[in-house]
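Observations on chain architecture
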Amino acid sequence: GMCGGVKPHTLPTTSNRRSDAVMSKDAPLIYAGLPPITLQFSCFTRVHWDAVLGFDVNAGISDHEMLSLYTVSSGIAEGVGDAGEIGVQLTLSTHPDAGTRLPYTVDLEMRGVFAVSPSVPPDKVQELVRSVGTGTLYTAAREYLLMVTGRGPNPPLLLPTRSFVRVSAPPKPGKKKKAGS
């Protein structure tokens, strides 16, 4: 399986779960229903981090520069669990030319299995799983690295947040489609 065949115990689902909320327009949003994608389980399949000796604590680094010094990739695989479940694999590693600009080097792989609601149109499943699944795993990896590097000799590593939603570029100004073409 995605995580060596180990699937943690999960709570049984109940048939009386509401799929949407009935509220007055002034009521606070407390429950908006089941999400279109849910994490079933996840695991780390590779974790390696090293403190960078010579890291300059006072150098400072922007979030944008920090993101440029890490390589993040992901892939998806269908048929890894029960029907309607899709696997996501996330790899995060330090770019080779990071030098001493980062407090730690990282090489991490994480996998997760996500259930997709049957209400999601089939042509939207892959993109939804890729963006939401990758974002979910990245967030878990980010928190894990913050925790374990907090015990290292350099300041803890807090990776910037990221979005994995693909955004199409806006049309270029002045370019209009000709009528009839």
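Read on for a plain summary of the structure. Because the structure is a prediction, the values reported are computed rather than measured. (Residues numbered from 1 in each chain as written. Predicted model: local features only at pLDDT ≥ 70, side-chain atom pairs only at ≥ 80, totals over all residues. Heavy atoms only, no water.)

**Side note on the overall build of the protein**
Summing up its helical and strand segments, the protein has two helices and four strands in all. Walking the protein from its N terminus toward its C terminus, one meets helices and strands in the order β-α-β-β-β-α. Counting over 181 residues, the protein shows a buried share of 29%. Relative to all contacts within the protein whose residues are 6 or more apart in sequence, the contacts with residues 24 or more apart total 71%. Here the protein has roughly 12,000 Å² of accessible surface; of this, 56% comes from carbon and sulfur atoms. (Helix = DSSP H or I, 4+ residues; strand = E, 2+ residues; numbered from the N terminus. Buried < 20%, exposed > 50% of the residue type's maximum accessible area, 1.4 Å probe, protein only. Contact = heavy atoms within 4.5 Å. Areas by Shrake-Rupley, 256 points an atom, 1.4 Å probe, with all protein chains shown as cover.)

**Some details on the sheet that holds strand S3 (residues 85-94)**
Read across the sheet, four strands follow the order S1-S4-S3-S2 without closing on themselves; strand pairing throughout is antiparallel. Looking at the sheet topology across the chains shown, the edges are occupied by strand S1 (37-51) and strand S2 (70-78). Strand-to-strand twist of the sheet, defined as the mean angle between neighbouring strand axes without regard to direction, takes the value 10°. Looking at chain direction, S2 and S3 are connected through nine bridges and run antiparallel. Within S3, the position partnered with Thr 71 by the bridge is Ser 93. Its contacts with the sheet place helix H2 (residues 122-149) against S1, S2, S3 and strand S4 (104-116), and it is angled at close to 140° to S4. (Pairing = 2+ DSSP bridges. Axes fitted to C-alpha atoms, helices over the stretch in contact; angles between N-to-C directions.)

**A closer look at H2**
Relative to the 40 Å expected for 28 residues at 1.5 Å per residue, H2 spans 40 Å between its end C-alpha atoms, a close match to the ideal helical length. The largest bend in H2 comes to about 30°, at Leu 128. (Expected span 1.5 Å × (residues − 1). Bend = angle between axes of the 7 residues up to and from the residue.)

**Here's the deal with the environment of Ala 83**
The topology assignment puts Ala 83 in the loop between S2 and S3. By relative accessible area, which is 82% here, Ala 83 ends up exposed.

**Describing the nonpolar core**
Membership of the largest hydrophobic core comes to 26 residues, with the highest contact counts inside it found for Tyr 70, Leu 92, Leu 157 and Leu 159. Going through the elements one at a time, S3, S4 and H2 are the ones with two or more residues in this core. Here Leu 159 is in contact with Met 66, Tyr 70, Leu 92, Tyr 138, Arg 142 and Leu 145, once residues within four sequence places are set aside. (Core = buried A, V, L, I, M, F, W, Y, C linked by side-chain atoms within 4.5 Å.)

**Some words on the pattern of salt bridges**
Using the criterion set out here, one finds six salt bridges in the structure. A salt bridge links Glu 65 to Arg 101, with the shortest nitrogen-to-oxygen separation between them at 3.0 Å. Note that Glu 65 is positioned in helix H1 (residues 63-68) and Arg 101 in the loop between S3 and S4, a separation of 36 residues in sequence. Look at Arg 101 and you get partly exposed, because its relative accessible area is 36%. (Salt bridge = Lys/Arg side-chain N within 4 Å of Asp/Glu carboxyl O.)

**Describing empty space enclosed by the protein**
Summed over the entire model, instances satisfying the criterion amount to one cavity of 30 Å³ or more. Counted as a void, the largest cavity has a volume near 30 Å³. Met 66, Leu 67, Tyr 70, Val 72, Leu 92, Tyr 138, Leu 159 and Arg 162 are the residues that line the largest cavity. Of all elements in the fold, only H1 and S2 reach the threshold of two or more residues within the lining of the largest cavity. Class assignment of the residues belonging to the lining of the largest cavity gives a composition of seven nonpolar, no polar and one charged. (1 Å grid on protein atoms, 1.4 Å probe; cavity = no way out; pocket = protein on both sides within 12 Å on 5 of 7 lines; lining within 4 Å. Points joined across faces, edges and corners; volume = space filled by probe spheres on them. Nonpolar A, V, L, I, M, F, W, Y, C, P; charged D, E, K, R; others polar.)

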